[in-house]
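# Architecture and fold: a report
So the chains spell out like this:
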Amino acid sequence: MYGVEYTNEEINEAITSSNPWEIVPSRDLDGHGTFVAGVACGTYIEEKGFSGAAPLATICVVKCKEAKNTLKQYYQIDTDEPVYSETDIMTAVAYLGTKALELGMPFILCLSMGTSNGSHTNGGVLGNMLREIGDYRGVGIVTPCGNEANTSRHYRSEILAPGGETEVEIRVGSQNGFTLDLWSDAPQLVSVGIMSPSGEYSGRTVPRIGSKETVDFILEPTVVYIEYNLLAYESGDEYIQMRFQAPSEGIWKIRVFNETNGSAFFDMWLPIRNFLPQTTYFLRADPDITLCDPSNNPGIISTAYYNSSNDSISIDSSRGFTRNGNIKPDFAAPGVGVYGPLPRRGNVYPSTEEERNLTAMYDYKSGSSIAAAITAGAAALIMEWGNVRGNAPGMDTVTIQKYLIRGADSNGVTEPNRLWGNGRLNVFDVFERLRRN
């Protein structure tokens, strides 16, 4: 492990100090973690009309270090948004699980992160790790599905006949670069060729195990790196990664060829909205299958989000199902205009608890992570009832998932479906249905 651990005693001392940052110098600079933690299990503060979903829960927070510039450069990510590597996230999860064991407490993990890189089936290495941890008694894993439905960052092809081909058009704006992922179900096999906005064509590349090709366009300042992986991790499906460096503005065309004797189809994903300008998108995009990894893993709790004021799904809420057809999201939770806490600014800190409560800052935010925070609070309440109070001592992630699915409201729509999953989160009905049955 690495980093610095601040104990409960140190944090409480900092809270009551006139200069808390001398004791605990770590700060939340963008406010995302503070808001999510507060919504999940913030203390009830009557003066502000605020309470987290599970206000009596114990909080343990890991502030991840940001990814190295070399990793960001590899994936052509040029943004001020925070970027984290999968290995650091896994290290953070392992730390939290170990800490829960040391304290002898049940463990609800709210992981408000996601990516469009990956197979969109089981969440990759991180998704499988979360599923394994979530199988332990007393553990519940909650993830958001993402905010990608309305970004035009996913493309699904029509069925290609044997030897057939199709052309995918991408509008590319001004930027330093981006990555493009293509996934095709085994035993299908496809290959690609790339045409620039000026009409220069790379030619049809050859799909071979471990094949890596560099296309250096003559009439464009662009270099494209193409890497074939014919047997990808966890699924054995074909994965083609294309990395565009210094792409020219305009319409880029990806020609995809069916190399098999049977029918084939494929999916493509561009990076999530945080990592790519809005001016880059598929011209014929598909809003479905836009769930972010690791939420695609069936063994963890994954939530979409809706507007609780009018019971409508958010237009940005990522949609299911997974690429291999598993039912996700599990359900939808409120995630539009949710009230929650913000981090303090400046170096002046109130000296009494009353002053701290009165001067605390709150605001309304929306997004998939907010819905995950509410769901994590709900999972903590279910875990308290089952594990702590002894009503269902063998409770794990899938158990909580099924309790919440059984209590979900259908909202008058056919379920399960790609937008709502199995309906709206309703913790009260979980127990009401248990009582009736």
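Residues numbered from 1 in each chain as written. Predicted model: local features only at pLDDT ≥ 70, side-chain atom pairs only at ≥ 80, totals over all residues. Heavy atoms only, no water.

### Overview of the sheet that holds strand β6 (residues 190-195)
Quick reminder of the rule: Two strands qualify as a pair provided DSSP detects at least 2 bridges between them. A run of H or I in DSSP counts as a helix once it spans at least four residues, and a run of E counts as a strand once it spans at least two, with each numbered from the N terminus.
Read across the open sheet, the 4 strands follow the order β6-β10-β4-β12; overall the sheet is antiparallel. Two strands lie at the open edges of the sheet, namely β6 and β12 (281-282), each paired on one side alone. As paired elements, strand β4 (residues 165-172) and β12 share 2 bridges and run antiparallel to each other. Across the sheet, the residue bridging to I170 is F282, located in β12.

### Quick notes on the environment of K48
Mapped onto the elements, K48 comes out in the loop between α2 (32-41) and α3 (69-74). Between the C-alpha atoms of K48 and P247, which are 199 residues apart in sequence, the distance is 49 Å.

### Some details on the state of the cysteines
Let me state the cut-off plainly: Count a disulfide wherever a pair of cysteine sulfur atoms falls within 2.5 Å.
What the rule picks out here adds up to 0 disulfides. Here C110 is not cross-linked by a disulfide; its sulfur's nearest cysteine counterpart is in C41, at 8.6 Å. No disulfide involves C292; its nearest neighbouring cysteine sulfur is the one of C145, lying 8.3 Å away.

### Quick look at the sheet that holds strand β3 (residues 154-156)
As a reminder, the rule being used: Fitted lines through C-alpha atoms serve as axes, helices being fitted only where they are in contact, and the angles separating the N-to-C directions of these axes extend from 0 to 180 degrees.
Taken together, the 6 strands give an open sheet; going across it, the order is β3-β11-β5-β9-β8-β7, and neighbouring strands pair in antiparallel fashion. The sheet is open, and its two borders are formed by β3 and β7 (212-216), each paired with just one other strand. Here the strands of the sheet are splayed against their neighbours by 15° on average, with no regard to which way each runs. Here strand β5 (residues 177-184) pairs with strand β11 (residues 267-269) via 3 bridges, running antiparallel. Note that in β11 the partner of L182 across the bridge is M268.

### A few points about the nonpolar core
Let me state the cut-off plainly: To qualify as a nonpolar core, a set must consist of buried Ala, Val, Leu, Ile, Met, Phe, Trp, Tyr and Cys residues joined through side-chain atoms within 4.5 Å. Relative accessibility under 20% of the residue-type maximum defines a buried residue, over 50% an exposed one, and the middle range a partly exposed one, all with a 1.4 Å probe and only protein chains included.
Within the largest apolar cluster, 31 residues are counted, with the highest numbers of intra-cluster contacts made by V39, F331, I382, M395, I400, L404 and L425. The set of elements that each furnish at least two residues to this core consists of α2, β13 (301-307), β15 (331-334), α7 (368-388) and α8 (397-407). Sort the elements by how many residues they give to this core and α7 lands first, with 10 residues. In terms of nonpolar packing, the next biggest core, distinct from the first, is built from 28 residues, Y155, F178, V256 and L270 among them.

Keep in mind that these numbers describe shape and distance, not what the molecule does.
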